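Working through the structure, step by step
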Amino acid sequence: MKSGKLINNRFLKSGSGSFTTSVMAFLLAIIVGGILIEIAGFSSLATYGAIFRGSLGSTKGIVLSLSQATPLLLTGLSFAIAFRVRIINTGAEGQVYIGAMAAALVGAYVNFLPGITHVAVSVLIGMIAGGMVGLFIGFLKIKFGASEVIVGIMLNEILILITAWLSTGPLMTPGSATAQTNPILETARLGRLVPRSQLTWALVLAVIIAFYLEWMIRKTTLGYEIQVIGSNLKAAKTAGINVPKIYLLTIFISGAIAGLGGAALSLGIHYRFIEGISTGFGFAGIPVAALAMYSPAGVVVSSFLFGALRAGAMTLNRTTSIPIEFVSVVQALVVVFVAAPMLIASIKKNLMKPFNGIRNKRESIKGGDA
């Protein structure tokens, strides 16, 4: 390929860290979080024990963890794919809301489609709605040099308020005391993987998307161009890559995945759009993507870890007096440690010093024997 002759392989290294860095960042977040819990006067062992029992200690807990992980997986993928071209999609929360509203409208008012088609169209419209918001952010960045961070944050407020107005005004269910739209039809509902749970087929779809994105980045021309742009923009332009086109395509994909997250909430959990449908899932995707070092396949694992933390926090709130805000503290610490690779590298170096000394001594002894 043309660009392959011009770009050095070092430009193709994805992310800014490694699996070891992610593991160390997560462990450090757990340790420092535990210290803060102790300082606050609570037992870190009791806290983490309750979280573990509530998330992984039973089949019900695992199902709850997976259901909590599903929207995190989608918003984490949304943030990760955009960051591969160094676009920070802070607008994922608004994309979740608009995707949820668009999918709910198709699910509630389009009544001439058969079951599987109705679900597919509702999901697709939710993804397109989120993708168009992402495309708008990308257009402003390319055309006017606007910061996607600021535009995304401002659009979040606008879209959340617009959907709130729709669910409390023209689209509100008549006679309802809750801000919500009409319920979606049975034909548009996402099936549940486990009866009487919130675990739906959205999880399967999200995992498929994650591994498809991983394959795309590693094996296709588009993925190659995404990696080059993210690693060295000047080299990408020198190689003749159409940077604006890749920017727009990537941010559209990012927004569409976030929109799918919203559609999954409307079609699989609430069966309608309700005001405040997302509890910050758009922003929660940031630490999920960061812990995975922006690898789509890695996001599958990191989303489950954060989903387990969220599921455990529910048990924590019911069974102990320990504030669930400590779970948010752990999530924030993950971002702090992932964002400080030099700190992780320094800690790893110091931990490995004794082992390196033993290895060097053994090598010197072998050299002397020779």
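None of these values were measured; they are calculated from a predicted model. (Residues numbered from 1 in each chain as written. Predicted model: local features only at pLDDT ≥ 70, side-chain atom pairs only at ≥ 80, totals over all residues. Heavy atoms only, no water.)

1. Topic: the packing of aromatic side chains
Throughout the structure, instances matching the rule amount to 7 aromatic pairs. Relative to tryptophan 215, the ring of tyrosine 212 lies with its centre 5.7 Å away and its plane at 40 degrees, an arrangement referred to as tilted. Here tyrosine 212 and its partner tryptophan 215 are both found in helix 7 (residues 202-219), 3 residues apart, which amounts to about one turn of the helix. Overall, tryptophan 215 belongs to the partly exposed group, its relative accessible area being 45%. Site record: aromatic cluster; members linked through ring pairs are Phe79, Phe83 and Tyr294. Its guanidinium or amino end placed over the ring of tyrosine 271, arginine 189 lies 4.2 Å from that ring's centre, counting from NZ or CZ. (Phe/Tyr/Trp six-rings, centres within 6.5 Å; stacked < 30°, edge-to-face > 60°. Helix = DSSP H or I, 4+ residues; strand = E, 2+ residues; numbered from the N terminus. Buried < 20%, exposed > 50% of the residue type's maximum accessible area, 1.4 Å probe, protein only. Lys NZ or Arg CZ within 6 Å of the ring centre and 35° of its normal.)

2. Points about helix 11 (residues 281-291)
Counting buried positions over the 11 residues of helix 11 gives 9, a clear majority of the element. Residues of helix 11 that are buried: Phe281, Gly282, Ala284, Gly285, Pro287, Val288, Ala289, Ala290 and Leu291. Where helix 11 is buried, its residues contact helix 1 (19-39), helix 3 (59-83), helix 4 (92-109), helix 10 (243-270), helix 12 (296-319) and helix 13 (325-338). Downstream of helix 11 by a residue or two, methionine 293 has a phi angle that is positive, lying close to 55 degrees. (Contact = heavy atoms within 4.5 Å.)

3. Topic: a nonpolar patch on the surface
Taken together, the side chains of Phe19, Val23, Leu27, Ile31, Ile35, Leu36, Ile39 and Val329 present a nonpolar region at the surface, about 760 Å² in accessible area. The element that contributes the greatest number of residues to the nonpolar patch is helix 1, accounting for 7 residues. As for its position among the elements, leucine 27 is in helix 1. The class for leucine 27 is partly exposed, based on a relative accessible area of 47%. (Patch = residues over 30% accessible without salt bridge, like charges linked within 9 Å, V, L, I, M, F, W, Y side chains within 5 Å. Areas by Shrake-Rupley, 256 points an atom, 1.4 Å probe, with all protein chains shown as cover. Salt bridge = Lys/Arg side-chain N within 4 Å of Asp/Glu carboxyl O.)

4. Description of the nonpolar core
Generally speaking, nonpolar side chains in soluble globular proteins are found buried as a group. Ranked by size, the top nonpolar core spans 83 residues in total, and within it Leu77, Leu213 and Ile229 carry the most contacts. For this core, the leading source of residues is helix 10, giving 12 residues. Setting aside anything within four residues of it in sequence, one finds leucine 77 in contact with Ala206, Ile209, Ala210, Leu213, Ile257, Pro296 and Val299. If you look at the next biggest cluster of nonpolar residues, it comprises 9 residues, including Ile98, Ala102, Ile137 and Val151. (Core = buried A, V, L, I, M, F, W, Y, C linked by side-chain atoms within 4.5 Å.)

5. Looking at the pattern of salt bridges
Under the counting rule described, the total for this entry stands at 3 salt bridges. Lysine 141 is paired through a salt bridge with glutamate 148; the nearest N and O atoms lie 3.1 Å apart. Residue classification places lysine 141 among the partly exposed positions, given a relative accessible area of 23%.

6. Some details on the packing of helix 2 (residues 44-56) against helix 12
In contact at an axis separation of 7 Å, helix 2 and helix 12 are set at 110 degrees when each is read in the N-to-C sense. Comparing their axes, helix 12 and helix 2 come out roughly perpendicular. Here helix 2 contributes Thr47, Ala50, Ile51, Gly54, Ser55 and Leu56 to the contact with helix 12, which in turn contributes Phe304, Ala308, Leu309, Ala311, Gly312, Thr315 and Leu316. (Axes fitted to C-alpha atoms, helices over the stretch in contact; angles between N-to-C directions. Parallel < 35°, antiparallel > 145°, perpendicular 65-115°, else oblique.)

7. A look at the environment of valine 151
With respect to the element layout, valine 151 can be found in helix 6 (residues 148-168). For valine 151, a relative accessible area of 16% corresponds to the buried category. A C-alpha to C-alpha distance of 9.5 Å links valine 151 and phenylalanine 136, two positions 15 residues apart in sequence. The residues contacting valine 151, other than those within four sequence positions of it, are Ile137, Leu140 and Ala146.

8. A closer look at unusual backbone geometry
Its identity as a non-glycine residue notwithstanding, arginine 196 has a phi of 55 degrees, on the positive side. With respect to the secondary-structure elements, arginine 196 resides in the loop between helix 6 and helix 7. We note that tyrosine 294 has phi near 65 degrees; this positive angle belongs to a residue other than glycine. Relative accessible area serves as the criterion here: at 11%, tyrosine 294 is assigned to the buried category.

9. What to know about the side chain of threonine 70
If you trace the backbone, threonine 70 turns up in helix 3. According to the relative accessible area criterion, threonine 70 is buried, its value standing at 6%. A polar side-chain atom of threonine 70 sits 2.9 Å from the main-chain carbonyl oxygen of leucine 66. Excluding residues that lie within four positions of it along the chain, threonine 70 makes contacts with Leu199, Ala202 and Leu203. (Polar contact = N/O pair within 3.5 Å; in protein donor to acceptor, adjacent residues only side chain to side chain.)

10. Describing the confidence of the model for the protein chain
When pLDDT is averaged across the protein chain, the result is 87; 87% of the residues are at 70 or more. Counting interchain partners and residues more than four positions distant, the pLDDT-below-50 stretch residues 1-17 has 29 contacts. (pLDDT = per-residue confidence, 0-100.)

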